Amino acid sequence: MTSQTAQETTQDTDSFVTPDGRTIGGVIMEMKNITLRFGGVVAIQDISFDIREGEIRAIIGPNGAGKSSMLNVISGFYVPQDGEVWYHGARRPRMRPYQVAEQGIARTFQNIALFDGMSVLDNIMTGRLTMMKSNMLQQALWFGKAEREENAHREQVEKVIDFLEIQNIRKTPVGRLPYGLKKRVELARALAAEPKLLLLDEPMAGMNVEEKEDMSRFILDVNDEFGTTIALIEHDMGVVMDLSDRVVVMDYGKKIGDGTPDEVRGNQAVIDAYLGVAHD
Amino acid sequence: MAKDQSAEGGLRSIPALLERNVKEFGGRPAYREKEFGIWQSWTWAEAADEINALAMGLLALGIERGDHVAIIGRNRPAHYWSMVAAQKCGAIPVPLYQDANAIEMEYVLEHSGARFIICGDQEQVDKVIEAQVRVQSAEHVLYVDKRGMRKYDHSRMNWYHDVQDEGRAGHARLEGELATRTAELDYDSTCVMLYTSGTTGKPKGVVLSNRNVIESARNSAEFDTLGAGEDVLAYLPMAWVGDYIFSVGQAYWTGFCVNCPESEDTMMTDLREIGPTYFFAPPRVFETLLTTVMIRMEDAGRLKKRLFDHFMAHARRVGPAILDGKPVSGGDKLKYRLGDLLVYGPLKNTLGFSRVRVGYTAGEAIGPEIFDFYRSLGINLKQLYGQTEATVFITVQPDGEVRPDTVGVPAPGVELRIDDTGEVFYRSPGTFVEYYKNPDSTASTKDPEGWVATGDAGFIEEDTGHLRIIDRAKDVGKMADGSMFAPKYVENKLKFYPNILEAVVHGAGRDMCTAFLNIDLNAVGNWAERNNISYASYQELAGHPQVMDMIQSHVEETNESVAQDPMLSGCQIHRFLVLHKELDADDGEMTRTRKVKRNVITDKFGDLIDALYTGKSEQYTETEVTYEDGRKGKIKATLEIRDARTFPTAHTQGVAAQ
């Protein structure tokens, strides 16, 4: 595969073109000096970093480093004691999860959070819940607006199903699916919300090599086809280095590295955190 | 369809048939494809518009008369349109197996010298690019599915729809040339080139003319009175001659509708939604369907299971007779009707066979038990015998004369001859023109008078005129004591058991028969789950003592049934083993159409064959395998070898091999 020659970097200092020809835009989200405490435990300590439009941003670190807490701060689920979250150039106030969703942020969970008794299709439809305007009565009567609306949403959902190649399990109850497919359904639900920023919490945990390859391809395709900005947490270093444009490394709640995969790989603090270091 | 509309009526090519269909059934559906969860359809007029746009686009890209256009992808309307568009330009479509790897693809691309390659999606494009490094002839690549293709070098690559748009934009400029080229096509110009699956070596390019395709389609459509109202499901590999005849030849001749599934994995659901009236499948598909039914019945409640067993026994007894219109007692008829209401009807509906008027199986011999199962349900399943070189049809079973052990009478227009060695020869309007760039093979297969050797041994029954195939002429042999050895006969009996996926029987020139078996992971896995047997891999399950016991009982039952046939009683399995890996086309053990390559298996597992014949009770072995991503690895295993009970030859009049 030959990639298109990288265009001249535009005048806009905020955006740049990656070696494989994708344009990375300006900063859409910025974390400023975030500190998060649970009682006496400091989960995140004074961390700052940004996420640029169109990039794949990874957060890595050993167990207990505070990665999932960080993702929960981004998604607005946790409210940090100190620090500010800036989204699209404005400081984000304390919000309820649905308000975050309405702002174009969708996520998947480390421990799959789907409705087991519902079909794959219905699960994915829930991803569009915030966009449904008809009221409960209209939906129950299935009349006029409600019907038109559901058809339109279904169309969008079908595009996601086609994209993730899960046509054959459309009507299968989620509870009957193997783990790898459940993960894919969760991604589908997040995509159905047409997010601008997609948060993935360990999308590859517990998968075999083949499933990991499939998932990597889907993540790249989502980023490429829809231009979705992606922030992901992942343990598999190989995957992180292959997928992401920039990586934040955390250890014991602190940021110990930030940069391109190559920069991070050569960072002594990162090597120590991962390989361990002799204590005196 | 009236006969006088044949060649004399100007219908000398597929594009000419398309034109007629637009005139006669312009508003009727020609193609359907399920996409985004909905069946999308195209009428003949719309399909013709799509085809014309693509053909003009190809002209704009510089396609020449006689160019080969490779088409690689699953069954989709766009791929069928590509074939017809190529024909309109005077070029020759060459459909390839979509699951072929880059090396196999390279051989065929090189051999055909294809200048244009139309790919279904990124996966195919990647393989083509890998092959293209060494294949010089390939100039333009088109792809249908845009996904993931944005970053590729597009200097010699185009999106299918962009090519169509270009064709539409330039129609005023290109229409004249296209009309000229289409008008030049005659009855003897090449219609399509199809590669054989290559059971015995490199695939050969079979050149078929318009005459071959159109006459075969016409004869067979008239034989089964197919009309414009039929629905077929196109799900078999496009590179296979069967799919070409059913989804293009017959569809264009009669004007019926071709339905394309949403994806390979949704075939069963799509089959049920469409409910085809005319259905075609290799034995493998029927075996798989039967296995699925049996697994689900194992999981069903007691009452349902008993109802099923009771009525299926009744159906086996009287079903085929009722289907053939033979006299059956009133009580039996009534009970069959009740069974239809309670069991057969719902089962057929689940399988998607409620509307099937004519069903065919071909490609390989089908086990009689499997065949009877479907017929007893009231599905008019018939056998036909054919080859790529014959444009499918050699013999066909007429309605009312269907038996599991014959392949029917010569198809309309086909002459049959059996030579002294027992090999079957035929001559027909469908007889292929030549093997592309291989005059030696052409000469050794087709004699100057047009007789073609099939490579199969068989005989014609004197009283009925039906042909009976014994086996591949090369495979039929003699055992050490001189009795006949027909491996496929025994293999098919073994494969009737849902637990057995594949069987390879050895015994030519030996004093006894032995077998390699593959378990069916679906069926055995399901059984293991019900019996609380845990396993980590295919290999572990295959070697489990309880699985071995179960397989042994299947082998012994098979022996008992083989012993009923005096001619083939010597083919009982004395010793067997269950292989540690599934036979796979990627490892070269099978063809892409899933036929076992015997010589490869004999070479590869030589140590295991020795162990079978030297009386060992276990054997250690290492086998190289190819993973899905092309890496190679080794599987090591110690396989248990078991003796099976054999039975004395019965002295009743038995049924010969099929």
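Residue numbering note: each chain is counted from 1, following its sequence as written. Here chains are named by letter from A upward and ligands by number from 1 upward, in the order in which they appear as written. For this predicted model, a pLDDT threshold of at least 70 governs which residues receive local features, and a threshold of 80 or more governs which side-chain atom pairs are given and counted, while totals over whole chains, interfaces and linings are taken from all residues. Heavy atoms throughout the structure, all of them, feed into the side-chain values; hydrogens and water do not.

J.: How should I be thinking about the overall build of chain B in this particular structure?
T.: A run of H or I in DSSP counts as a helix once it spans at least four residues, and a run of E counts as a strand once it spans at least two, with each numbered from the N terminus. Helix and strand counts for chain B come out as 21 helices and 28 strands. Restricting the calculation to C-alpha atoms gives the radius of gyration, and the globule rule supplies 2.2 Å times the number of residues raised to the power 0.38. For chain B, whose C-alpha radius of gyration is 25 Å, the value lies close to the compact-globule estimate of 26 Å for 658 residues. For chain B, the C-alpha atoms occupy an extent of roughly 75 × 60 × 55 Å along the three principal directions. The buried label goes to any residue with under 20% of its type's maximum accessible area, the exposed label to any with over 50%, and the partly exposed label to all in between, with areas taken from a 1.4 Å probe on protein chains only. When the 658 residues of chain B are sorted by exposure, 59% land in the buried category. Two residues form a contact once any of their heavy atoms are found within 4.5 Å. Restricting to contacts in chain B with at least 6 residues of sequence separation, those with at least 24 account for 66%. Accessible surface for chain B amounts to roughly 26200 Å². Of this, 50% is attributable to carbon and sulfur atoms. In summary, the charge assignment counts Lys and Arg as positive and Asp and Glu as negative, without counting His or the chain termini. Taken as the charge location is NZ of Lys, CZ of Arg, CG of Asp or CD of Glu. Within chain B, the 96 negative side-chain charges are centred at a point lying 3 Å from the centre of the 73 positive side-chain charges. Here, Shrake-Rupley sampling with a 1.4 Å probe gives the accessible areas, and only protein chains in the shown set may cover a residue.

J.: Explain the sheet that holds strand 17 (residues 415-418) of chain B to me, please; I cannot follow it from the model alone.
T.: Working definition: the strands of a sheet are paired by backbone hydrogen bonds and lie parallel or antiparallel to each other. All names here are of chain B. Paired strands, as defined in this entry, are two strands with at least two bridges between them according to DSSP. Overall, antiparallel pairing links the four strands, which are arranged 17-18-20-21 in an open sheet. Each edge of the open sheet is held by one strand with a lone partner, namely strand 17 and strand 21 (467-472). Taken over all neighbouring pairs, the strand axes of this sheet differ in orientation by 50 degrees on average, direction set aside. With five bridges joining them, strand 20 (residues 452-460) and strand 21 adopt antiparallel strand pairing. Paired with aspartate 456 across the bridge in strand 21 is arginine 472. Axis geometry follows a simple rule: fit a line to the C-alpha atoms, using only the stretch in contact for helices, then measure angles between N-to-C directions, giving values from 0 to 180 degrees.

J.: In this structure, what is going on with the confidence of the model for chain B? I would like to understand it.
T.: Parts of the model with low pLDDT should not have their predicted coordinates read in detail. Residues and elements named next belong to chain B. Residues of chain B with pLDDT of at least 70 account for 97%, and the chain-wide mean is 89. Every residue is assigned a pLDDT by the predictor, reflecting its confidence on a scale from 0 to 100. Note on residues 1-8: pLDDT is under 50 here. Beyond four places in sequence and across chains, it has 16 contacts. Predicted confidence is poor over residues 652-658, with pLDDT under 50, and the contacts of this stretch with residues over four places away or in other chains come to 30 contacts.

J.: Whenever I open this one, the nonpolar core confuses me. Can you help?
T.: The nonpolar side chains of a soluble globular protein tend to be buried with one another. Ranked by size, the top nonpolar core spans 151 residues in total, and within it Tyr252, Phe353 and Tyr374 of chain B carry the most contacts. Considering each element in turn, this core owes the most residues, nine residues, to helix 2 (residues 44-60) of chain B. Three or more residues apiece are contributed to this core by two domains, here domain 1 (3-276) and domain 2 (281-472) of chain B. Contacts of tyrosine 252 of chain B, omitting those with residues within four sequence positions, involve Ile14, Leu17, Leu18, Arg20, Asn21, Tyr31, Trp44, Ile51 and Val84 of chain B. Counting 42 residues, the second-largest nonpolar core is a separate cluster that includes Leu187, Val222, Val239 and Val247 of chain A. What makes a nonpolar core is a set of buried Ala, Val, Leu, Ile, Met, Phe, Trp, Tyr and Cys residues whose side-chain atoms join them at distances within 4.5 Å. Residue ranges for the domains trace back to a domain assignment, done automatically or taken from a database.

J.: Help me out: how do you make sense of the packing of aromatic side chains in this one?
T.: Within a pair of aromatic rings, the relevant descriptors are the distance that separates the centres and the angle that separates the planes. All names here are of chain B. Centres within 6.5 Å are what make two rings of Phe, Tyr or Trp a pair, Trp counting through its six-membered ring; a difference in plane orientation under 30 degrees is then read as stacked, over 60 as edge-to-face, and the rest as tilted. On inspection of all chains with the given rule, the structure shows 23 aromatic pairs over all chains. Here the aromatic rings of tyrosine 336 and tyrosine 344 are separated by 4.9 Å at their centres, their planes lie at 40 degrees, and the arrangement is tilted. Residue tyrosine 344 is classed as buried on the basis of its relative accessible area, which comes to 0%. The interplanar angle of 50 degrees and the centroid separation of 4.8 Å between the aromatic rings of phenylalanine 432 and tyrosine 435 together place this pair among those described as tilted. The two residues phenylalanine 432 and tyrosine 435 agree in class, both being buried.

J.: Just to check I follow, could you spell out the packing of helix 1 (residues 14-25) of chain B against helix 3 (residues 77-88) of chain B for this structure?
T.: Packed helices, taken two at a time, are described by their axes: the angle between them and the distance between them. All names here are of chain B. Helix 3 packs onto helix 1 with a crossing angle of 110 degrees between their chain directions and a minimal axis gap of 9 Å. Relative to helix 3, the element helix 1 lies roughly perpendicular. For the pair helix 1 and helix 3, the contacting residues are Ile14, Pro15 and Leu18 in the first and Val84, Gln87 and Lys88 in the second. For classification purposes, angles smaller than 35 degrees are called roughly parallel, those larger than 145 roughly antiparallel, those between 65 and 115 roughly perpendicular, and all remaining angles oblique.

J.: I keep staring at the domain arrangement of chain B and nothing clicks. Help me out?
T.: Residues and elements named next belong to chain B. Domains assigned within chain B are domain 1 (3-276), domain 2 (281-472) and domain 3 (477-643). Inter-centroid distance (C-alpha atoms) of domain 1 to domain 2 is 28 Å. Contacts between domain 1 and domain 2 engage 40 residues on the former and 37 residues on the latter. Both sides of the domain 1 and domain 2 interface together cover about 3100 Å² of buried area, and 63% of this is carbon and sulfur. We count a salt bridge whenever a side-chain nitrogen from Lys or Arg sits within 4 Å of a carboxyl oxygen from Asp or Glu. If you look at where domain 1 meets domain 2, you find three salt bridges. Among the salt bridges present, the one from glutamate 230 reaches arginine 357, with a minimum N-O distance of 2.5 Å. We define a polar contact as two N or O atoms separated by no more than 3.5 Å, with the added condition that, inside protein, one atom must be a possible hydrogen donor and the other a possible acceptor, whereas residues neighbouring each other in sequence contribute only through side-chain atom pairs. For the pair domain 1 and domain 2, the number of links is 16 residue pairs in polar contact (both at pLDDT 80 or more). Sorting elements by how many residues they give to the side of domain 1 that touches domain 2 places helix 8 (residues 210-223) first, with eight residues. Considering only residue class, the side of domain 1 that touches domain 2 consists of 18 nonpolar, 14 polar and eight charged. When two parts are put together, the accessible area they lose, computed with a 1.4 Å probe and summed over both, is reported as buried area. Polar here means any residue other than Ala, Val, Leu, Ile, Met, Phe, Trp, Tyr, Cys and Pro, which are nonpolar, and Asp, Glu, Lys and Arg, which are charged; Gly is therefore polar.

J.: Which parts of the structure should I look at to understand the interface of chain A and chain B?
T.: Interface size is often expressed as the accessible area that is lost when the parts come together. Contact with chain A, which involves 20 residues of that partner, is made by 16 residues of chain B. Counting the surface lost from both chain A and chain B, the interface buries some 1700 Å², and carbon and sulfur atoms represent 43% of this. Linking chain A with chain B are four salt bridges, by the criterion used here. Put simply, arginine 170 of chain A and glutamate 262 of chain B hold a salt bridge, and the shortest N to O gap is 2.4 Å. Sorting the residues of the side of chain A that touches chain B by element identifies helix 5 (145-163) and helix 7 (209-226) of chain A as the ones contributing at least two each. If one sorts the elements of the side of chain A that touches chain B by residue count, helix 7 of chain A sits on top with seven residues. Tallied by class, residues from the side of chain A that touches chain B come to three nonpolar, five polar and 12 charged.

J.: Would you explain a negative patch on the surface in this entry?
T.: Without a salt bridge and with relative accessible area above 30%, a residue can belong to a patch; like charges are then joined within 9 Å and nonpolar side chains (Val, Leu, Ile, Met, Phe, Trp, Tyr) within 5 Å. Among the surface-exposed residues, Asp99, Glu123, Asp126, Glu130, Glu264 and Asp265 of chain B lie close enough to one another that they form a single negatively charged patch. In this structure aspartate 126 of chain B comes out as partly exposed when scored by relative accessible area, which is 35%.

J.: Would you mind showing me how to read unusual backbone geometry here?
T.: Apart from glycine, the bulk of residues carry a negative phi angle, and the bulk of peptide bonds sit in the trans form. We note that glutamate 194 of chain A has phi near 45 degrees; this positive angle belongs to a residue other than glycine. On the secondary structure map, glutamate 194 of chain A appears in the loop between helix 6 (179-192) and strand 9 (197-201). Notably, asparagine 532 of chain B is not glycine yet its phi reads approximately 55 degrees, a positive angle. Among the secondary structure elements, asparagine 532 of chain B is positioned in the loop between helix 17 (521-530) and helix 18 (538-542). On the basis of relative accessible area, asparagine 532 of chain B is assigned to the exposed category, the value being 73%.

J.: Please explain the pattern of salt bridges as it appears in this structure.
T.: Close approach of charged atoms allows side chains with opposite charge to pair. Counted by the stated rule, this structure contains 57 salt bridges over all chains. Across the pair arginine 115 of chain B and aspartate 67 of chain B runs a salt bridge, and its minimum N-O distance is 2.6 Å. Taken together, the residues span a long stretch of sequence, with arginine 115 of chain B in the loop between helix 4 (102-112) and strand 5 (116-119) and aspartate 67 of chain B in the loop between helix 2 and strand 3 (68-72) at a distance of 48 residues. Since its relative accessible area comes to 17%, arginine 115 of chain B is described here as buried. Under the relative-accessibility criterion, aspartate 67 of chain B is labelled buried at 10%. Its salt-bridge partner being arginine 115 of chain B, residue glutamate 139 of chain B comes within 3.0 Å of it at the nearest N-O pair. In this pair, glutamate 139 of chain B sits in the loop between helix 5 (122-132) and strand 6 (140-143) while arginine 115 of chain B sits in the loop between helix 4 and strand 5, placing the two residues 24 residues apart along the sequence. The network of salt bridges with shared partners includes Asp50, Glu55, Arg57, Arg246, Lys255 and Asp258 of chain A.

J.: Looking at this structure, I do not really get helix 9 (residues 241-254) of chain B. What am I missing?
T.: Owing to its 3.6 residues per turn, the α-helix brings residues three or four apart onto one side. With respect to burial, helix 9 of chain B is a largely interior element, 14 of its 14 residues being buried. Glycine 255 of chain B sits one or two residues past helix 9 of chain B and shows a positive phi near 85 degrees.

J.: Would you take a moment to explain the domain arrangement of chain A for this structure?
T.: All names here are of chain A. With domains assigned, chain A is organised as domain 1 (15-104 + 195-280) and domain 2 (117-194). The distance between the C-alpha centroids of domain 1 and domain 2 comes to 27 Å. In this complex, domain 1 contributes 22 residues to the contact, which on the side of domain 2 involves 13 residues. Three residues stand out in domain 1 for area buried against domain 2, namely Pro195, Met215 and Phe218, and they jointly supply 37% of the buried area on that side. Applying the counting rule to domain 1 against domain 2 returns two salt bridges. Residues glutamate 165 and arginine 217 are paired through a salt bridge, measuring 3.8 Å at the closest nitrogen-oxygen approach. The interface formed by domain 1 and domain 2 includes two residue pairs in polar contact (both at pLDDT 80 or more). At the level of elements, helix 2 (97-102), strand 9 and helix 7 are the ones that each hand at least two residues to the side of domain 1 that touches domain 2. Along the lines of polarity and charge, the residues of the side of domain 1 that touches domain 2 split into 12 nonpolar, one polar and nine charged.

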